[in-house]
Protein chains: 4
Amino acid sequence: MMKVGILGATGAVGQRFIQLLSKHPWFEITELLASERSAGKRYRDATKWLLETPLPEVIQEMEVKLAEPASLKNSDLDILFSALPADIARKVEVDFADAGFKISSNASAHRMEPDIPLVIPEVNRDHFSLIEVQKRKRGWDGFIITNPNCSTIVMVLTLKPLMEFGIEHVNVATMQAVSGAGYTGLPSMAILDNVIPYIGGEERKMETEPLKILGELDGESVKHAAFTISASCHRVPVLDGHTEAIWVKFREKPSVDEVKKAFMDFKREIDTPTSPQKPLLLMEQEDRPQPRLDRNLSGGMTVAVGRVREDTVGVKYIAMGHNTIRGAVGASVLNAEVLVKEGWQ
Amino acid sequence: MMKVGILGATGAVGQRFIQLLSKHPWFEITELLASERSAGKRYRDATKWLLETPLPEVIQEMEVKLAEPASLKNSDLDILFSALPADIARKVEVDFADAGFKISSNASAHRMEPDIPLVIPEVNRDHFSLIEVQKRKRGWDGFIITNPNCSTIVMVLTLKPLMEFGIEHVNVATMQAVSGAGYTGLPSMAILDNVIPYIGGEERKMETEPLKILGELDGESVKHAAFTISASCHRVPVLDGHTEAIWVKFREKPSVDEVKKAFMDFKREIDTPTSPQKPLLLMEQEDRPQPRLDRNLSGGMTVAVGRVREDTVGVKYIAMGHNTIRGAVGASVLNAEVLVKEGWQ
Amino acid sequence: MMKVGILGATGAVGQRFIQLLSKHPWFEITELLASERSAGKRYRDATKWLLETPLPEVIQEMEVKLAEPASLKNSDLDILFSALPADIARKVEVDFADAGFKISSNASAHRMEPDIPLVIPEVNRDHFSLIEVQKRKRGWDGFIITNPNCSTIVMVLTLKPLMEFGIEHVNVATMQAVSGAGYTGLPSMAILDNVIPYIGGEERKMETEPLKILGELDGESVKHAAFTISASCHRVPVLDGHTEAIWVKFREKPSVDEVKKAFMDFKREIDTPTSPQKPLLLMEQEDRPQPRLDRNLSGGMTVAVGRVREDTVGVKYIAMGHNTIRGAVGASVLNAEVLVKEGWQ
Amino acid sequence: MMKVGILGATGAVGQRFIQLLSKHPWFEITELLASERSAGKRYRDATKWLLETPLPEVIQEMEVKLAEPASLKNSDLDILFSALPADIARKVEVDFADAGFKISSNASAHRMEPDIPLVIPEVNRDHFSLIEVQKRKRGWDGFIITNPNCSTIVMVLTLKPLMEFGIEHVNVATMQAVSGAGYTGLPSMAILDNVIPYIGGEERKMETEPLKILGELDGESVKHAAFTISASCHRVPVLDGHTEAIWVKFREKPSVDEVKKAFMDFKREIDTPTSPQKPLLLMEQEDRPQPRLDRNLSGGMTVAVGRVREDTVGVKYIAMGHNTIRGAVGASVLNAEVLVKEGWQ
């Protein structure tokens with residue numbers, strides 16, 4: 001078993017990491033790190049466990065350490081997962097990478113830096129070669145790899161197979177689950193019987209991250225893809241699962257059937273424990289996908305796509321994926337698995 | 001007081017008509033009509049009253065009559081409101097119009113017929129002149145006027161002031177309230193913790209009705225507006241209030257400030273009891289409008305618009321309005337008021 | 001594998017039976033029966049599948065037969081599960097029992113008849129001996145066994161271990177999930193942002209069924225338990241999981257710790273695939289159990305109990321269980337398993 | 001107009017005070033007080049307004065002052081409303097009372113002190129005479145009066161008319177709205193599709209406050225009522241309106257009709273702007289009251305009661321009232337109105 005640690009282990013994302021990793025066939029959690037408020041406590045005392053599955057007993061009794069490299073002095077961690085908030089990740093992840101740790105981060109802090117890989121394995125795992133650039137330029141022993149924002153991942157998995165038709169422009173309207181805001185992020189009084197048509201920073205992420213992910217390696221950086229994206233992001237009273245209405249305008253004019261075929265033919269090319277057999281599942285019922293019914297496909301790692309229909313300027317369709325699994329924690333774990341499988345680790 | 005009747009008085013829309021009309025300064029409900037199941041009963045026995053305000057006592061005891069012209073033989077109704085489902089409205093409304101009744105209908109059955117006015121008073125009340133065409137062509141003593149679909153009304157009120165900039169294309173994603181499906185239309189098991197990305201017939205209505213409403217009278221019919229619309233319609237767990245994310249592409253390129261000014265300058269031009277002082281309210285807070293907070297502006301008759309922002313191909317913004325008031329019953333009542341005010345009745 | 005059929009296979013309860021039984025190690029679904037509306041169709045065409053797990057392919061293509069004994073003329077079914085509504089079950093179940101079928105029914109129709117076993121295996125599986133009485137008295141080749149109402153099961157599993165303290169009176173207030181009303185039973189407009197303090201027939205069931213279940217076999221019938229129950233039943237906006245606030249008054253005055261110990265010591269005495277290791281799980285956190293977090297314990301078969309505290313007249317506590325699994329379909333399947341294990345089948 | 005101020009003006013309860021008082025015929029808001037975080041700011045900048053009705057313009061521009069008596073040195077306030085949290089109210093309210101201010105407090109801090117009136121005007125406004133005791137004993141120029149906890153008020157309004165039958169014991173299970181926890185009190189992830197069977201301190205309040213309110217003045221304090229109460233308190237996904245299932249055991253055995261008559265005959269005895277014509281409304285429909293439909297009766301000041309039915313040991317029924325209006329802000333305002341009307345102010 002490889003040894004892994006979690007930065008930010010006590011928050012909502014950290015808990016999901018524990019949930020996913022505690023039954024992982026390759027990884028064993030040996031270190032939990034968090035802020036001063038939690039450091040020194042047993043995990044069970046440092047957090048209020050909020051998931052539907054019980055907190056594993058072995059984790060309950062582990063000591064939470066302070067999230068700084070000194071805490072892991074004699075540790076032989078293979079991978080460090082980061083569930084830190086962006087503002088804290090900015091410094092802390094750098095400190096750990098500098099100290100030699102290999103970090104798979106869910107934080108947004110470093111995603112758009114030219115020498116940091118921003119990867120969805122089914123889409124652009126060749127971008128991991130930026131690790132070499134990063135280590136050389138920064139003089140780090142370790143490195144940082146990142147996965148995209150939750151709503152970005154759901155969309156990009158559907159855009160990848162459509163790249164062959166020459167994407168010119170994408171419009172997307174999201175209906176995002178409350179879990180994306182973190183456990184205390186959204187008061188019940190704000191969202192019951194309501195829609196909030198704004199999520200801070202989300203539209204910018206959806207309009208920029210996909211262009212890096214779908215771009216091509218060009219020497220020491222990525223040449224971003226050349227189309228445009230316009231996003232409108234909204235919060236709805238749903239627990240898990242982001243639903244996205246997507247319009248795509250193409251240079252070539254694929255038929256609806258060609259688009260459906262592209263979705264159906266889209267395959268994973270690497271077999272690891274968390275990678276789903278089908279990254280995309282095309283649904284033909286007129287009222288699917290739906291978050292409550294479809295968010296747990298392949299343990300939450302498959303994105304469901306449906307209602308593919310012709311549009312005045314291209315096609316439109318619905319995509320839906322589990323935001324905290326496929327869109328966050330599962331994405332980080334999958335990235336780490338691919339690192340291992342391909343020998344980066 | 002003018003005498004009014006309600007076709008389909010026992011359903012969810014019929015109840016809203018009673019709620020709005022029972023305190024109306026011009027109109028007095030004198031006839032309630034419904035299907036065989038209810039005909040002959042007192043209103044209180046024919047329906048389960050479901051609104052937050054109590055069923056007026058005078059209505060409770062009124063007898064429900066069968067929805068056919070023979071039931072109103074010696075009646076001197078001034079206006080007949082129709083809350084019928086589309087499939088029933090198709091025949092019944094024609095029977096009543098033929099028998100001399102003046103019908104303000106919320107049903108979709110006749111909206112797109114060339115000689116039937118489809119009107120939002122703030123937008124195209126000049127289309128009421130089709131009444132003359134209709135009566136002449138069909139040989140009716142009465143007539144039918146209609147208001148658009150709920151999601152159409154919310155959008156069109158925001159498009160009207162933008163027509164001056166030369167609209168080329170509109171994309172719209174809706175997040176629609178459950179009340180739009182009628183009282184039993186949507187099981188709780190379908191929508192709790194869920195989004196349903198499909199509403200039968202809704203996208204077609206949103207893509208066609210606005211072109212007639214925003215079109216120009218041209219002799220005996222309306223020349224439809226010449227832009228295109230692409231809609232994606234979704235149901236969310238909200239009781240009342242449709243939220244719409246709208247992208248508009250223009251021939252001319254108005255700035256965000258010009259678009260905001262157009263919204264702010266948009267005025268009603270006719271003063272009747274149900275017409276709101278401001279048909280549009282521009283909100284500047286970054287997270288508004290929201291259905292729960294803003295759906296009752298001006299008694300539910302004002303559409304709130306916000307988050308106007310630049311887009312790669314034009315502007316994008318959020319519109320939100322009360323679907324069963326501004327989008328249905330209030331729209332029918334407002335149409336009837338304007339008929340009266342302008343002498344059609 | 002034993003062969004089983006499902007009466008009422010196309011409804012919400014019928015779908016849950018298919019979900020549970022399609023991976024069952026002992027039972028294989030060989031017959032699906034429903035009303036005239038569905039008879040003759042393939043299952044996939046006869047119903048709209050509404051569960052989170054996909055409809056098994058082998059079931060999709062099975063033909064639905066008319067729910068009458070003639071449909072199963074040459075069938076060699078071992079057990080027939082009934083998911084019928086009570087009013088239809090009243091006649092149809094009798095027809096099948098008379099024709100020799102062995103029925104494990106979730107319907108309420110026959111529960112309170114003296115010679116029909118009403119059983120929760122962990123509580124009163126000795127009542128299955130009424131099968132002999134039933135067959136003899138009625139001259140049937142087959143028989144009917146039943147499980148209690150969903151809210152009854154959750155409560156009775158917690159009352160059983162307290163019987164030793166001499167229960168005198170029970171008060172119970174329920175907060176019941178919408179799935180208990182069936183798929184279309186509760187419109188979203190009725191329950192969003194609301195509580196409905198009434199469920200037809202529910203209080204009567206909760207006040208009578210437990211007395212039969214907790215009663216003692218006395219010759220050819222059951223001598224009902226001698227305490228009283230007063231229930232107040234309410235529907236809340238929760239998908240699955242009934243939460244119950246329970247007060248118990250005792251002849252002897254057990255301490256809170258004695259009551260907790262009785263809950264913890266309560267064990268299943270029979271090991272079958274669906275029987276949970278722990279029928280009751282005592283939770284010590286002050287805000288548990290909660291339906292969303294705890295309803296899937298042991299696949300939905302464990303009832304969680306918490307907040308045990310002293311009361312002026314006894315103890316009070318919270319019980320919560322999955323209403324359509326532990327409280328319905330799982331209960332019927334478990335009854336059938338025990339029948340098999342103990343040789344009734 | 002009398003001049004009033006609000007302590008804790010920027011929180012959720014403070015906002016409700018502003019909403020209610022800004023159209024009050026007797027009171028004019030002249031002072032807004034809050035913590036250091038808000039002091040010195042304009043009200044519009046100090047808070048995020050969250051109510052459905054717009055923030056009055058005159059209030060928007062008012063300066064928020066620090067919540068200490070020095071801030072009101074030359075003020076001539078007639079009444080000071082307190083929307084403070086309990087822990088802060090404990091000291092701050094005393095400081096203000098000591099400095100001569102007359103405080104109508106919604107905070108729980110001082111409710112149970114023997115010389116502080118805990119009043120629901122329709123129930124025990126004679127307890128206001130404790131003001132004299134309080135001023136004398138404490139040497140204050142001002143004084144503090146309090147209203148009960150939200151769930152207490154709803155219940156006590158229904159218990160008062162039943163006192164004539166000799167109440168022996170009360171059981172109550174609550175289904176409480178999320179607004180009772182304050183704006184950020186309850187994360188959406190905690191309560192969507194869920195019930196939380198615990199509200200800190202709530203059961204204790206419901207089991208003690210009613211005995212003081214329903215007690216009798218006895219010299220310098222109140223002799224508490226002599227029955228017992230057992231409460232189980234639960235949070236449900238409802239925005240406003242607490243629903244309570246109540247069982248009452250009597251010494252005398254009133255019939256259901258006698259209990260209903262007592263509810264119907266219960267009258268307010270004092271006419272002020274906020275006092276509802278009917279403090280209690282008896283509903284006869286089998287599924288009422290419901291929070292969404294009935295919480296706004298008489299502007300949220302009437303408690304609805306229904307489902308009165310016989311029980312093994314007395315009667316049981318459902319009570320429902322608006323928790324932030326009748327149960328909080330409206331209660332404080334009503335208390336102040338009665339003070340004025342009866343000459344205490």
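What counts, and at which threshold
- Counting from 1, residues in each chain are numbered in the order their sequence is written.
- Chains and ligands are labelled by the order in which they are written, letters from A for the one and numbers from 1 for the other.
- Since the coordinates come from a predicted model, pLDDT governs what is reported: local features require at least 70, and pairs of side-chain atoms require 80 or more to be given and counted, while whole-chain, interface and lining totals use all residues.
- Only hydrogens and water are removed before side-chain values are computed, so all heavy atoms of the structure are retained for them.
- UniProt positions are given in the numbering used here, feature names are shortened, and annotations may be inferred rather than shown by experiment.
- The way it works is that DSSP assigns letters per residue, a run of H or I at least four long becomes a helix, a run of E at least two long becomes a strand, and they are numbered from the N terminus.
- Only protein chains enter the accessibility calculation, which uses a 1.4 Å probe; a residue whose area is less than 20% of its type maximum is buried, one above 50% is exposed, and one in between is partly exposed.
- Any pair of residues with heavy atoms lying within 4.5 Å of one another is described as a contacting pair.
- When two parts are put together, the accessible area they lose, computed with a 1.4 Å probe and summed over both, is reported as buried area.
- Salt-bridge detection follows one rule: a side-chain nitrogen of Lys or Arg within 4 Å of a carboxyl oxygen of Asp or Glu.
- Throughout this description, a polar contact denotes any pair of N or O atoms lying within 3.5 Å of each other; where both atoms belong to protein, one of them has to be capable of donating a hydrogen while the other can accept it, and for residues adjacent in sequence the pair is counted only when both atoms sit in side chains.
- Put simply, Ala, Val, Leu, Ile, Met, Phe, Trp, Tyr, Cys and Pro go in the nonpolar bin, Asp, Glu, Lys and Arg in the charged bin, and everything else, Gly too, in the polar bin.
- Fitting of the copies onto one another was done by least squares over C-alpha atoms, counting residues only where both copies have pLDDT of at least 70.
- We treat two strands as partners when DSSP finds at least two bridges between them.
- By convention, a crossover is right-handed whenever its connection, traced from the first strand over the helix to the second and viewed with the strands pointing away, goes clockwise.
- Grid points spaced at 1 Å over the protein atoms alone were grouped into cavities, where a 1.4 Å probe fits but cannot get out, and pockets, open sets with protein on both sides within 12 Å along at least five of seven lines, with lining residues defined by an atom within 4 Å of a point.
- Grid points are joined across faces, edges and corners, and a volume is the space filled by probe spheres set on the points.

The name recorded for chain A in an unreviewed UniProt entry is Aspartate-semialdehyde dehydrogenase, from Candidatus Syntropharchaeum butanivorans. Of the comments in the UniProt record for chain A, the one headed Function (unreviewed entry) reads "Catalyzes the NADPH-dependent formation of L-aspartate-semialdehyde (L-ASA) by the reductive dephosphorylation of L-aspartyl-4-phosphate." We quote the UniProt Sequence similarities (unreviewed entry) comment for chain A here in full: "Belongs to the aspartate-semialdehyde dehydrogenase family."

Q: Tell me what's going on with the UniProt feature "binding site: substrate" (unreviewed entry) in chain A, and back it up with residues and numbers.
A: Residues and elements named next belong to chain A. According to UniProt, the positions carrying the feature "binding site: substrate" (unreviewed entry) are Q176, E202 and R235. Look at the named residues: they lie 60 residues apart in sequence, but the longest C-alpha span between them is just 10.8 Å, so in the fold they bunch up. Its place among the elements puts E202 in helix α9 (residues 202-213). For E202, a relative accessible area of 5% corresponds to the buried category.

Q: Can you break down the interface of chain D and chain A residue by residue, with the values?
A: Between chain D and chain A, the contact holds 16 residues from the first and 16 residues from the second. Taken together, the two surfaces of chain D and chain A that pack against each other cover about 1,400 Å², and 78% of this comes from carbon and sulfur. Together, Y183, M189 and L192 of chain D form the three largest contributors to the area buried by chain D at its contact with chain A, with a combined 45%. In this structure, the connection of chain D to chain A is made through zero salt bridges. Linking chain D to chain A there are two residue pairs in polar contact (both at pLDDT 80 or more). The class makeup of the residues in the side of chain D that touches chain A is 11 nonpolar, four polar and one charged.

Q: I'd love a proper account of the UniProt feature "domain: Semialdehyde dehydrogenase NAD-binding" (unreviewed entry) in chain A, names of residues and values included.
A: The UniProt feature table records "domain: Semialdehyde dehydrogenase NAD-binding" (unreviewed entry) at residues 3-131 of chain A. In residues 3-131 of chain A, the share of helix is 29% and the share of strand is 19%. The end C-alpha atoms are 20 Å apart.

Q: So, the relation of the copies chain D and chain A: which residues are in play, and what are the values?
A: After a rotation of 180° and a shift along the axis of 0.0 Å, chain D superposes on chain A with an RMSD of 0.0 Å. The superposition operator between the copies reduces to a two-fold rotation axis. Interface overlap between copies is the fraction of interface residues in one copy that are interface residues in the other; for chain D against chain A it reaches 100%, indicating a shared surface.

Q: Tell me what's going on with the relation of the copies chain A and chain B, and back it up with residues and numbers.
A: With an RMSD of 0.0 Å, chain A superimposes on chain B once it is rotated by 180° and translated 0.0 Å along the axis. A share of 100% of interface residues in chain A that are also interface residues in chain B marks the association as one of identical surfaces.

Q: Report on the pairing of strand β1 (residues 2-7) of chain B, specifying residues and quantitative values.
A: Residue and element names in this part refer to chain B. Taken across its six residues, β1 has five buried, putting it largely inside the fold. The sheet contact formed by β1 and strand β2 (residues 27-34) spans six bridges and is parallel. Bridge pairing in β2 places L7 opposite L33. Running through helix α1 (residues 12-21), the crossover from β1 to the neighbouring parallel element β2 is right-handed. Two strands pair when backbone bridges link them, and β1 and strand β4 (residues 79-82) are joined in this way by four bridges, in the parallel orientation. Among the inter-strand pairings, V4 is bridged to a residue of β4, identified as I79.

Q: Tell me about empty space enclosed by the protein, and name the residues and values.
A: Applying the stated criterion across every chain, the model contains one cavity of 30 Å³ or more. The calculated volume of the largest cavity comes to roughly 160 Å³. Residue lining of the largest cavity: 14 residues in total, with L192 of chain A, L192 and P237 of chain B, L192 of chain C together with L192 of chain D positioned closest to the centre.

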